[in-house]
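# Understanding the architecture of this molecule
Chain by chain, the residues:
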Amino acid sequence: MTTKHNHISISYCTQCRWLLRASWMAQELLTTFDDEITSLTLIPATGGLFEVRANDELLWSRKEQGRFPEITELKQLVRDIIAPDRSLGHSDKKPSSDNQS
């Protein structure tokens, strides 16, 4: 079986004290994708930065989205990149006409 290298990175603002949020999201992703994620990096940053990348593809930017991701939507975004055929069970609800801002 060939294992694909799937790397997740979470950049977080140290000035804003977002380490706990970043580490919690990292824990959630590592627990959900324990067979798919081969490495995960927390990257200290400044200037209000909070970004999540999978295999160098930007999945979430707090500055672009204007908010932090809900953990279920973050898991869906990560899944779509690293394991598109995988079911997330109860967290696997596709966004419909429910447009929250």
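Residue numbering note: each chain is counted from 1, following its sequence as written. Note on the predicted model: pLDDT of at least 70 is required for a residue's local features to be given, and 80 or more for side-chain atom pairs to be given and counted; whole-chain, interface and lining totals, by contrast, use all residues. The side-chain figures draw on all heavy atoms in the structure; neither hydrogens nor water molecules are used.

By the naming in an unreviewed UniProt entry, the protein chain goes by Selenoprotein W-related protein and is assigned to Methylophaga thalassica.

This part takes up the sheet that holds strand β1 (residues 7–13). An order of β2-β1-β3-β4 is seen for the four strands of this open sheet, with the pairing classed as mixed. Looking along the sheet, the strands with just one partner apiece sit at the ends: β2 (39–45) and β4 (57–61). Across the sheet, the mean angle separating the axes of adjacent strands is 20° when strand polarity is ignored. Strands pair, by our definition, only if DSSP identifies at least two bridges between them. In DSSP terms, a helix is any run of H or I states spanning at least four residues, a strand is any run of E spanning at least two, and both are numbered starting from the N terminus. Relative to β4, strand β3 (residues 50–54) runs antiparallel, the two sharing four bridges. Pairing of Ala-54 across the sheet is with Glu-57, part of β4. Only the stretch in contact is used when fitting a helix axis, every axis being a line fitted to C-alpha atoms; angles between N-to-C directions are given from 0 to 180 degrees.

With that out of the way, let us pick up the packing of aromatic side chains. Note on aromatic contacts: the rings of Phe and Tyr and the six-membered ring of Trp form a pair at centre separations within 6.5 Å, being stacked when their planes are under 30 degrees apart, edge-to-face when over 60 apart, and tilted otherwise. One pass over the structure, following the stated rule, counts three aromatic pairs. Ring centres of Trp-18 and Phe-50 lie 6.3 Å apart, and the angle between their planes is 80°; on these two criteria the pair is classed as edge-to-face. Taken as a pair, Trp-18 in the loop between β1 and α1 (19–32) and Phe-50 in strand β3 lie far apart in primary sequence, 32 residues in all. Taken as a pair, Trp-18 and Phe-50 share a single burial class, namely buried. When the centroid spacing of 5.0 Å and the interplanar angle of 80° are considered together, the rings of Phe-50 and Phe-68 count as edge-to-face. Note that Phe-50 is positioned in strand β3 and Phe-68 in the loop between α2 (62–65) and α3 (71–82), a separation of 18 residues in sequence. Grouping residues by exposure puts Phe-50 and Phe-68 together as buried. Each residue in the set Trp-18, Phe-50 and Phe-68 is aromatic and connected to the rest through ring pairs, giving one cluster. The ring of Phe-68 is capped by Arg-21, whose NZ or CZ atom sits 3.6 Å from the centre of that ring. Burial classification: accessible surface area is computed with a 1.4 Å probe over protein chains only, and a residue below 20% of its type maximum counts as buried, one above 50% as exposed, and the rest as partly exposed. Remark: a charge is flagged as sitting over a ring if the NZ atom of Lys or the CZ atom of Arg is within 6 Å of the ring centre and within 35 degrees of the ring normal.

As defined by bridge partners, β1 adjoins β2 across seven bridges and the pair is classed as parallel. Within the sheet, the bridge partner assigned to Tyr-12 lies in β2 and is Pro-44. As a crossover connection, the stretch from β1 through α1 into β2 is right-handed. Here is how to tell: hold the view so the strands point away, follow the path from the first strand over the helix to the second, and if it runs clockwise the crossover is right-handed.

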